[in-house]
Amino acid sequence: MIESQSTPWRRASVSINPDALSHNLNLVREYAPNCQVMAVIKSNAYGHGMLEVAEHLAAADIFAVAMPQEAFALRDAGCDKPLVVLHGFNNTQELDQFAALNISTVVHQRSQLDILLKNETSSAIDVWLKVDTGMHRLGISVGEVDEFFGQLRNCEQVNDVYLMSHFANADDPNNKLNINQLESFLNVTNDINVNCSMANSAAIMGIPKSHFEIVRPGIMLYGSSPFSGTSAVELKLQPAMQFESILIDIKPVKAGEAIGYGSTFSSDKDLTVGIVAVGYGDGYPRHANNGTPVWVSGERCALLGRVSMDSICIDLSDVDVKIGDRVVLWGNELSVDDVAAASNSIAYELLCNAGAAYGSNR
Ligand SMILES: Cc1ncc(COP(=O)(O)O)c(C=O)c1O
């Protein structure tokens, strides 16, 4: 475990485990042994710190980020790995920067194709043509693929062309849209002889036929399960983020007395309540429900009442702990997936928010 990332005025800390990142990447390779791995490190590597994660995941083949600025920051920091920008460029200036820095682009809409075709100044770049097979977010329609592909192939500003698509529901293995999307993409790719990519984490584990030549894991690299019914431990994933704080107070609260802002919770029995130095200002989910698990000195305790900006209350009635004891919000002792489920959220959001509270470019 590397040194924890804390700011001087915070008691809570976030630390990243590089061994877990490597372990999870190895697991991707076990699921998709014949594929290249495009590690998705957008949104500050899901809150884990983009630059640091890029170093620890040097064994990946390619990195994907969402925004041009993320790719520029990686190049600035000396990263020389193949980079793909999932949102692509928006204007000629960005395209020129991609070309100058050897950054590959996704093309997901016609205005990007037009810019590429008109541009005469840039050197050639690799293009990932994104096809919308049913998610209806980014991507050209299946019917436009032949035209776009032909134009890209004949464009002097373009080196290699790849095809990609993205699942809307891969985390739900029984969802019919998965098969429909895969069939649409297979129909498109059957006639075009280029390398293709479709699988995110859930599809890497659940839809082997979608692996093609390049897989694109995100959440599984960080040790969270993409499936709500299957735990990260069952999938042999290891958590890459450890989010901790300490117990700063312990007090009795009488039956019937309400706890926290809004007085939303009271118990029908006397309680011993612990106060933990962490809150939504540290990235802990504001909407964590009463009962959300919190780990203290070997025990799973329950969150009580509303989350404050810099503190939470937990039920210590049945445990023997003391002020100053270590508290784990999520990490090795407690899965972020369990906390997300109790907060009406997803691990992706919790990890991003905790990471955001601890600086942007760790
Ligand atoms: C285009 C694309 N590919 C791959 C991924 C990785 O997905 P996951 O984190 O579910 O593995 C994402 C993440 O949202 C994405 O937007």
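Residues numbered from 1 in each chain as written. Predicted model: local features only at pLDDT ≥ 70, side-chain atom pairs only at ≥ 80, totals over all residues.

**Things to note about the overall build of the protein chain**
Basically, it comes down to this: Under the scheme used here, helices are H or I runs from DSSP no shorter than 4 residues and strands are E runs no shorter than 2 residues, and both carry numbers assigned from the N terminus. The globule rule is 2.2 Å times the number of residues to the power 0.38, and the radius of gyration it is compared with is taken over C-alpha atoms. The burial criterion counts other C-beta atoms lying within 10 Å of a residue's C-beta, which is placed from the backbone; the residue is buried at 20 or more, exposed at 12 or fewer, and partly exposed between these limits. Two residues qualify as a contact pair if the distance between their C-beta atoms, derived from the backbone, is within 7 Å.
Along the backbone of the protein chain there are eleven helices and 18 strands. The globule rule puts the C-alpha radius of gyration for 362 residues at 21 Å, and the 23 Å found for the protein chain is close to it. When the backbone C-alpha atoms are referred to their principal axes, the protein chain occupies close to 75 × 45 × 35 Å. Relative to its 362 residues, the protein chain shows a buried fraction of 44%. Long-range pairs, those at least 24 residues apart, make up 62% of the contacts in the protein chain between residues at least 6 apart in sequence.

**A word on the domain arrangement of the protein chain**
Short version of the rule: Residue ranges labeled as domains rest on an automatic or database domain assignment. Charged residues are taken to be Asp, Glu, Lys and Arg, nonpolar residues to be Ala, Val, Leu, Ile, Met, Phe, Trp, Tyr, Cys and Pro, and polar residues to be all remaining types, Gly included.
Domain annotation of the protein chain identifies domain 1 (18–222) and domain 2 (241–357). For domain 1 and domain 2, the distance between their C-alpha centres works out to 37 Å. Per-class residue counts for the side of domain 1 that touches domain 2 are three nonpolar, five polar and no charged.

**Things to note about the site of the ligand**
So the rule is basically this: Whether a residue is near a molecule or strand depends on its C-beta atom, generated from backbone atoms, being within 6 Å of that molecule or strand.
Near the ligand you find Val40, Leu86, His166, Asn200, Ser201, Ala202, Arg216, Pro217, Gly218, Ile219 and Pro226, and these make up its full shell. For the shell around the ligand, the class distribution of residues is six nonpolar, four polar and one charged.

**Let's talk about the nonpolar core**
Here is the rule we go by: In this description, a nonpolar core means buried residues of the types Ala, Val, Leu, Ile, Met, Phe, Trp, Tyr and Cys, linked to one another by C-beta atoms lying within 7 Å.
Ranked by size, the top nonpolar core spans 106 residues in total, and within it Ala39, Ile41, Phe63, Leu129, Val215, Val294 and Ile314 carry the most contacts. In this structure, this core is formed jointly by two domains, domain 1 (18–222) and domain 2 (241–357), each of which donates at least three residues. Apart from the residues within four sequence positions on either side, Ala39 is in contact with Leu57, Ala60, Phe63, Pro217 and Leu221.

**Things to note about helix 8 (residues 176–190)**
To be explicit about the condition: For a helix, the expected span equals 1.5 Å multiplied by the number of residues minus one.
With 15 residues, helix 8 ought to run about 21 Å at 1.5 Å a step, and its terminal C-alpha atoms sit 21 Å apart, in line with that. Where helix 8 is buried, its residues contact strand 6 (125–132), helix 7 (145–153) and strand 8 (158–164).

**Considerations on the pairing of strand 11 (residues 241–253)**
The line we're drawing: DSSP-based pairing: two strands are paired if at least 2 bridges between them are found.
The pairing of strand 1 (residues 13–16) with strand 11 spans four bridges and is antiparallel. Bridged to Ile16 within strand 11 is Met241. Relative to strand 18 (residues 326–330), strand 11 runs antiparallel, the two being bridged by four bridges. Each residue of the ladder has a partner; that of Ser245, found in strand 18, is Val327. As judged from the six bridges shared by strand 11 and strand 14 (residues 271–276), these two strands associate in the antiparallel manner. Bridging across to strand 14, Asp249 finds its partner in Ile275.

**Observations concerning helix 6 (residues 110–118)**
At 3.6 residues per turn, the α-helix brings residues three or four places apart onto the same side. The cut-off we apply is this: It is the directions from the helix axis to the C-beta atoms whose arc is reported.
Of all the positions in helix 6, only Gln112, Leu113 and Leu116 are classed as buried. For helix 6, the buried positions fall inside an angular range of 100° around the axis, keeping them on one side. For helix 6, the exposed residues set more than 90 degrees away from the buried face come down to Arg110, Asp114 and Lys118. Where helix 6 is buried, its residues touch helix 5 (92–100), strand 5 (103–107), helix 7 and strand 8.

**Some remarks on the environment of Glu156**
Relative to the assigned elements, Glu156 resides in the loop between helix 7 and strand 8. Separated by 91 residues in sequence, Glu156 and Leu247 place their C-alpha atoms 62 Å apart.

**Topic: unusual backbone geometry**
Of note in the backbone geometry, Asn44 takes a positive phi value of approximately 55° without being a glycine. Its location among the elements puts Asn44 in helix 2 (residues 42–46). Judged by the 24 C-beta atoms lying within 10 Å of it, Asn44 is buried. Of note in this structure, Asn344 is not a glycine but carries a positive phi near 50°. Looking at the secondary structure, you find Asn344 in the loop between helix 10 (336–341) and helix 11 (347–357). On the basis of neighbour counts, which here come to 10 C-beta atoms within 10 Å, the residue Asn344 falls in the exposed class.

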